[in-house]
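Listed below are the residues making up each chain.
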Amino acid sequence: MKRAVYPGSFDPMTYGHLDIIRRASQIFDVLIVSVLNNKEKTPLFSVEERVKILKEATKDLPNVEVDSFSGLLINYAAERDLHIAVRGLRAITDFEYELQIAQTNRKLSDEKLDTMFLTTSLEYAYLSSSSVKEIASFGGDISQCVPDFVAEMMFKKYQKA
Ligand code: PNS
């Protein structure tokens with residue numbers, strides 16, 4: 001059975017992430033989308049909220065599981081016996097950063113964790129969670145960036161702030 005992990009911050013999940021999830025779920029028998037619980041960052045959504053969003057958005061994909069992890073990806077992958085990490089590449093600017101992380105993970109894991117890249121569909125290549133948050137914080141239109149229920153959750157957060 002081919003299993004892979006798609007790790008990320010997903011703060012929040014965008015249509016760009018969902019595109020990678022859908023395509024990776026067709027390649028692997030099981031895809032585990034795992035949210036990084038990074039205590040050093042102050043995210044817009046808690047880990048629980050991000051997991052809930054991902055579960056809702058992937059409920060039509062039976063071979064997709066949503067989870068979360070803290071610490072190093074290689075340790076989480078070893079605990080769950082996962083040997084492939086999936087990441088999306090939008091542009092050459094992503095590549096340098098992603099290459100470094102992929103090579104670090106391969107080395108640190110004694111070659112037990114490899115990374116496979118999917119290139120983001122062109123229609124989502126411009127999207128990032130940070131820009132979606134900035135647009136939403138100014139009340140801009142994010143309907144082409146995230147599902148409606150996520151947009152509503154974001155606007156509620158910014159109204160409270
Ligand atoms: O969505 P992001 O923020 O681009 O995802 C980055 C992520 C979560 C894949 C990466 O930061 C990560 O795996 N962090 C966990 C700590 C770790 O294992 N770092 C790799 C060694 S540099």
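Residues numbered from 1 in each chain as written. Predicted model: local features only at pLDDT ≥ 70, side-chain atom pairs only at ≥ 80, totals over all residues. Heavy atoms only, no water.

1. Observations regarding the pairing of strand β5 (residues 114-119)
Working step 1: The pairing of strand β4 (residues 84-89) with β5 spans 6 bridges and is classified as parallel. Paired with Gly88 across the strands is Leu118, a residue of β5.
Working step 2: Following the chain from β4 across helix α4 (residues 92-108) to the adjacent parallel β5, one finds a crossover that is right-handed. (Pairing = 2+ DSSP bridges. Helix = DSSP H or I, 4+ residues; strand = E, 2+ residues; numbered from the N terminus. Right-handed = clockwise from strand over helix to strand, strands pointing away.)

2. So, the side chain of Thr14
Working step 1: Summarising the element assignment, Thr14 is placed in the loop between β1 (3-8) and α1 (15-27).
Working step 2: Taking the relative accessible area as the measure of exposure, Thr14 reaches 3% and is therefore buried.
Working step 3: A distance of 3.1 Å separates a polar side-chain atom of Thr14 from the backbone nitrogen of Gly16.
Working step 4: In contact with Thr14, other than residues within four places in its own chain, are Leu127, Ser128, Ser129, Val132, Cys145 and Val146. (Buried < 20%, exposed > 50% of the residue type's maximum accessible area, 1.4 Å probe, protein only. Polar contact = N/O pair within 3.5 Å; in protein donor to acceptor, adjacent residues only side chain to side chain. Contact = heavy atoms within 4.5 Å.)

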